[in-house]
Amino acid sequence: MPSWTLHQGDALTLLPTLDTLADAVIVDPPYNSGGLQAAQRRGQSARGKYVSGDANHLLPDFGGDRRDQRGYTYWLSSMLAASLAAARPGASALVFTDWAQLPATSDALQAGGWVWRGIIPWRKTIARPTRDGFKRECEYVLWGSHGEPTRHAPSIYLPGWLEGSQPRGKGRVHITQKPVAVMRQLVRIAPEGGTVLDWCAGSGTTGVAALAEGRRFVGIEASGEYAAAARQRLMAAVDKEPAAA
Ligand SMILES: C[S@@+](CC[C@H](N)C(=O)[O-])C[C@H]1O[C@@H](n2cnc3c(N)ncnc32)[C@H](O)[C@@H]1O
């Protein structure tokens, strides 16, 4: 197997076709959040919700971000059930979410058949202030396992919270891009040489981190533009072409 593979298309269709079982599923799905009311969440594109008005970048929009909370829970449950079938017993699932969708995400994780094991807050360091209230400066990574989690040899001890800013300037190629440094901590849940699967790969940050940490990567991304951006970043990360996917 090449050290990375990137498929372009819908994850629900492609997950059952994968020929390698994952040692970790690490996924940053569209949060279907970004508003206090359902109408706000459904009414705006991802760009409208997640790119602040003063941002001067013109990154492409992405789909799959206009479900209400019930629809989101149903969709994410189906995706996480398909992910379980694509993962080895003992594998971990790490699923990103925000404060508003945290309850929906823990429901979906368990409905998908994963054992819920914890929450890792990610502090973004740069976040909009909240007038007369508390700054929402954390997002969350929910941890689940496929049965009993894999025992590492030697044992590993991973942090209980993470910190890091989204890339800025030329390093920013996706609207909701995650920091590589944060992802590098997360991919260590897979054994060295193991396979990390991200079925909402975006610009490929999980894969860049997996390769940097000596793990293999299988990605799925719906958007053609973002799949191309991910391939470029992954090629730069290993400096060689993968087998066709
Ligand atoms: C939150 S972004 C991921 C960003 C990524 N973590 C990064 O650092 O670049 C979610 C991505 O999931 C993709 N997506 C949405 N629905 C999908 C689906 N059904 N199958 C595959 N990809 C999907 C979107 O196109 C978007 O790029």
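The structure under discussion appears in the preceding block.
Residues numbered from 1 in each chain as written. Predicted model: local features only at pLDDT ≥ 70, side-chain atom pairs only at ≥ 80, totals over all residues. Heavy atoms only, no water.

1. A few points about the overall build of the protein
The helix and strand tally for the protein stands at 8 helices and 8 strands. Expressed as a percentage of the 245 residues in the protein, the buried residues total 48%. Expressed as a percentage of contacts within the protein between residues at least 6 apart in sequence, the contacts between residues at least 24 apart total 73%. Taken as a whole, the protein presents about 12,000 Å² of accessible surface, with 52% of it coming from carbon and sulfur. (Helix = DSSP H or I, 4+ residues; strand = E, 2+ residues; numbered from the N terminus. Buried < 20%, exposed > 50% of the residue type's maximum accessible area, 1.4 Å probe, protein only. Contact = heavy atoms within 4.5 Å. Areas by Shrake-Rupley, 256 points an atom, 1.4 Å probe, with all protein chains shown as cover.)

2. Topic: the packing of helix 4 (residues 69-85) against helix 5 (residues 102-111)
The interhelical angle for the contact between helix 4 and helix 5, taken along N-to-C directions, is 35°, at an axis separation of 8 Å. As for the relative orientation of helix 4 and helix 5, their crossing is right-handed in sense. The segment helix 4 lies against helix 5, with Gln 69, Tyr 72, Thr 73, Leu 76, Ser 77 and Leu 80 engaging Ala 104, Thr 105, Asp 107, Ala 108, Leu 109 and Ala 111. Each residue belonging to the contact of helix 4 with helix 5 can be placed in one class, and the counts come to 7 nonpolar, 4 polar and 1 charged. (Axes fitted to C-alpha atoms, helices over the stretch in contact; angles between N-to-C directions. Left-handed = near helix turned anticlockwise from the far one by under 90°. Nonpolar A, V, L, I, M, F, W, Y, C, P; charged D, E, K, R; others polar.)

3. Thoughts on unusual backbone geometry
For the peptide bond that leads from Ala 153 to Pro 154, omega is 0°, which places it in the cis range. Even without being glycine, Thr 125 reaches a positive phi, approximately 70°. Within the fold, Thr 125 resides in the loop between strand 4 (115-123) and strand 5 (138-145). At Asp 132, a position not held by glycine, the phi torsion is positive, near 60°.

4. A word on the packing of aromatic side chains
One pass over the structure, following the stated rule, counts 3 aromatic pairs. Centre to centre, the rings of Phe 96 and Trp 122 are 6.2 Å apart; their planes meet at 80°, and the pair counts as edge-to-face. Here the residue Phe 96 occupies a position in strand 3 (residues 87-97), and Trp 122 occupies one in strand 4, the gap between them amounting to 26 residues. By relative accessible area, Phe 96 is classed as buried at 0%. In this structure Trp 122 comes out as buried when scored by relative accessible area, which is 0%. (Phe/Tyr/Trp six-rings, centres within 6.5 Å; stacked < 30°, edge-to-face > 60°.)

5. Digging into the site of the ligand
Surrounding the ligand, one finds 22 residues, the nearest of these being Asp 10, Asp 28, Ser 203, Thr 205 and Glu 221. Between the ligand and the protein, one listed contact pairs a nitrogen atom with a side-chain N or O atom of Asp 10 at 2.6 Å. Within the side chain of Asp 28, an N or O atom sits 2.8 Å from a nitrogen atom of the ligand. For the ligand, the accessible surface in isolation is 610 Å², of which the surrounding protein chains cover 96%. Residue composition of the shell around the ligand, grouped by class: 9 nonpolar, 9 polar and 4 charged. (Near = heavy atom within 4 Å. Polar contact = N/O pair within 3.5 Å; in protein donor to acceptor, adjacent residues only side chain to side chain.)

6. A few points about the side chain of Arg 233
One can find Arg 233 in helix 8 (residues 224-238). It turns out Arg 233 is buried and unbridged, and the closest side chain with the opposite charge, Asp 198, is 9.1 Å from it. (Lys, Arg positive; Asp, Glu negative; His and termini not counted. Salt bridge = Lys/Arg side-chain N within 4 Å of Asp/Glu carboxyl O.)

7. Quick word on the environment of Asp 68
The topology assignment puts Asp 68 in the loop between helix 3 (46-50) and helix 4. Once the C-alpha coordinates of Asp 68 and Asn 32 are considered, the two residues, 36 residues apart in sequence, prove to be 7.1 Å apart. Of the polar contacts made by the side chain of Asp 68, one reaches the backbone nitrogen of Gly 71; its length is 2.8 Å.

8. Some details on the packing of helix 7 (residues 205-212) against helix 8
Angle between the axes and distance between the axes are the two parameters that describe a pair of packed helices. Closest axis-to-axis distance for the helix 7/helix 8 pair is 9 Å, and the angle between their directions is 10°. When the interaxial angle is binned, helix 7 and helix 8 end up roughly parallel. Residues Thr 205, Gly 207, Val 208 and Leu 211 of helix 7 lie in contact with helix 8, whose contacting residues are Arg 233, Leu 234, Ala 237 and Val 238. Across the contact of helix 7 with helix 8, the residue classes tally to 5 nonpolar, 2 polar and 1 charged. (Parallel < 35°, antiparallel > 145°, perpendicular 65-115°, else oblique.)

9. Brief notes about the pairing of strand 3
For strand 3, the buried fraction is high: 9 of the 11 residues fall into the buried class. Here 5 bridges tie strand 2 (residues 22-27) to strand 3, and the two strands are oriented parallel to one another. Bridged to Ala 22 within strand 3 is Ala 87. Two strands pair when backbone bridges link them, and strand 3 and strand 5 are joined in this way by 6 bridges, in the antiparallel orientation. Across the sheet, residue Leu 94 finds its bridge partner in strand 5, namely Trp 143. (Pairing = 2+ DSSP bridges.)

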